[in-house]
Amino acid sequence: MIKTFPARWPRRFREPGRSTKSLKRLGASLLDLLLPPRCLACGEEVSAAHALCADCWRRLTFLGDPCCACCGLPFAFELGTGALCGACTREQPSYDRARSALRYDDGSRRLVLAFKHGDRLHGAPAFADWMRRAGAGLLADADLLMPVPLHWTRLLKRRYNQSAVLAHRIARGTADAVAPDWLVRRRRTPSQGEFGPEGRRRNVRSAFALKPGRVVAGRKIVLIDDVFTTGATVEECARVLRRAGAQRIDVLTLARSLRGQA
């Protein structure tokens, strides 16, 4: 039986009792007095936790419609329902849809890199909120959130998989909707940043596998990652899931690079 990703969260996660809410508010107020909340990007004092100052907020570019119905590439103007970009028209990706919350540019780079490499995990609640809004259509009836895996040696060095952190925050406590270890990276690959588009595809070819005993046949999967650049990594992950019989494979990332794309 397929467990559907909940459209409405269980009451125990959505509506804590009044006494619990009051205690949380009191605790948050005391903590703010001792340690005033700081901007996630620049460190300036802000009015609420997990927030950005006005200047840093203005530097972010949030993505949405109109966009390619498949890969989510932003369009300059509305082209109609189901419109595809040139790349998706030429070759359909192995995934069904991809969406991203932010444009990866000078405004968002500091946030993303600090989260990915700098142990700045306190930004995860805000990032997950942005991703839930950007991927609402993908998450509505999904069965599993599946983070793109790190090789075990890189995970040991970094101590956390940023994609798994995002997946758990997006799921909001429904841990059974997250499959953090179903996909495995079979070999350690050089950083994708060292390659161009074709090099990225070769770099991750056959790098991923589905863990033995994990069944995705007939399920609707949302792959979670931090940055969509050329899409080579999620494309390879999607191929693995497609061969295993997944019914639908979508991709949701925190940011998307648009350099060299139109």
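Check the entry above for the structure.
Quick caveat: nothing in here was measured; it's all calculated off a predicted structure. (Residues numbered from 1 in each chain as written. Predicted model: local features only at pLDDT ≥ 70, side-chain atom pairs only at ≥ 80, totals over all residues. Heavy atoms only, no water.)

## Topic: the nonpolar core
Residues Leu52, Trp130, Leu145 and Ile224 are the most contacted members of the largest nonpolar core, which totals 35 residues. The set of elements that each furnish at least two residues to this core consists of β1 (97–103), α5 (109–117), α6 (124–134), α7 (136–139), α9 (162–171), β5 (220–228) and β6 (248–256). The biggest single contributor to this core is α6, with six residues. In this structure, Phe75, Tyr95, Phe208 and Ala238 belong to the second largest nonpolar core, which totals 34 residues. (Core = buried A, V, L, I, M, F, W, Y, C linked by side-chain atoms within 4.5 Å. Buried < 20%, exposed > 50% of the residue type's maximum accessible area, 1.4 Å probe, protein only. Helix = DSSP H or I, 4+ residues; strand = E, 2+ residues; numbered from the N terminus.)

## Comments concerning unusual backbone geometry
For the bond from aspartate 65 to proline 66, the omega torsion is 0°, close enough to zero to count as cis. Relative to the assigned elements, proline 66 resides in the loop between α3 (54–59) and α4 (86–90). The backbone of histidine 50 shows a phi angle near 60°, a positive value even though the residue is not glycine. In this fold, histidine 50 is placed in the loop between α2 (18–34) and α3. Residue histidine 50 is classed as partly exposed on the basis of its relative accessible area of 42%. Positioned with a positive phi, arginine 159 is a non-glycine residue whose angle comes to about 80°. Residue placement: arginine 159 occurs in the loop between α8 (152–158) and α9.

## With respect to the packing of α6 against α9
In helix packing, the relevant descriptors are the interaxial angle and the interaxial distance, both defined with respect to the helix axes. Between α6 and α9, whose axes approach to 9 Å, the crossing angle comes to 70°. Comparing the axis directions of α6 and α9 gives the class roughly perpendicular. Handedness of the crossing formed by α6 with α9: right-handed. Residues Ala124, Pro125, Phe127, Ala128, Met131 and Arg132 of α6 form the contact with α9, whose own contacting residues are Val165, Leu166, Arg169 and Ile170. (Axes fitted to C-alpha atoms, helices over the stretch in contact; angles between N-to-C directions. Parallel < 35°, antiparallel > 145°, perpendicular 65-115°, else oblique. Left-handed = near helix turned anticlockwise from the far one by under 90°. Contact = heavy atoms within 4.5 Å.)

## Quick look at the pattern of salt bridges
Counted under the stated rule, the structure contains 14 salt bridges. For aspartate 55, the salt bridge goes to arginine 58, with nearest N and O atoms at 2.3 Å. Taken together, the residues aspartate 55 and arginine 58, both in helix α3 and three residues apart, mark about one turn of the helix. Note that aspartate 181 and arginine 214 form a salt bridge whose closest N and O atoms lie 3.7 Å from each other. Taken together, the residues span a long stretch of sequence, with aspartate 181 in the loop between α9 and β3 (183–185) and arginine 214 in the loop between β4 (208–210) and β5 at a distance of 33 residues. (Salt bridge = Lys/Arg side-chain N within 4 Å of Asp/Glu carboxyl O.)

## A word on helix α11 (residues 232–243)
End to end, α11 covers 17 Å across twelve residues, agreeing with the expected 16 Å (1.5 Å per residue, within 8%). In terms of residue burial, α11 counts as a mostly covered element, since nine of its twelve residues are buried. The set of residues buried in α11 consists of Ala232, Thr233, Val234, Glu235, Glu236, Cys237, Ala238, Val240 and Leu241. Looking at the residues trailing α11, positive phi occurs at glycine 245, about 95°. (Expected span 1.5 Å × (residues − 1).)

## Concerning the pairing of β6
β6 sits mainly inside the fold: nine of its nine residues count as buried. Pairing of β1 with β6 involves six bridges; the strand directions are parallel. The residue bridging arginine 103 from the neighbouring strand is arginine 256, located in β6. Of the pairings in the sheet, the one linking β5 to β6 comprises eight bridges and is parallel in character. Its bridge partner being in β6, aspartate 225 is matched across the sheet by threonine 253. (Pairing = 2+ DSSP bridges.)

## Structural notes on the sheet that holds strand β2 (residues 144–147)
Taken together, four strands build an open sheet; the order of strands is β1-β6-β5-β2 and the sheet is parallel. Pairing within the sheet leaves two strands with one partner each, and these edge strands are β1 and β2. Mean inter-strand twist for the sheet, computed between neighbouring axes without regard to direction, equals 20°. As paired elements, β2 and β5 share four bridges and run parallel to each other. Of the residues in β5, the one forming a bridge with leucine 144 is isoleucine 221. Its contacts with the sheet put α11 on β2, β5 and β6, and the angle it makes with β5 is roughly 165°.

Structural measurements only, silent on function.
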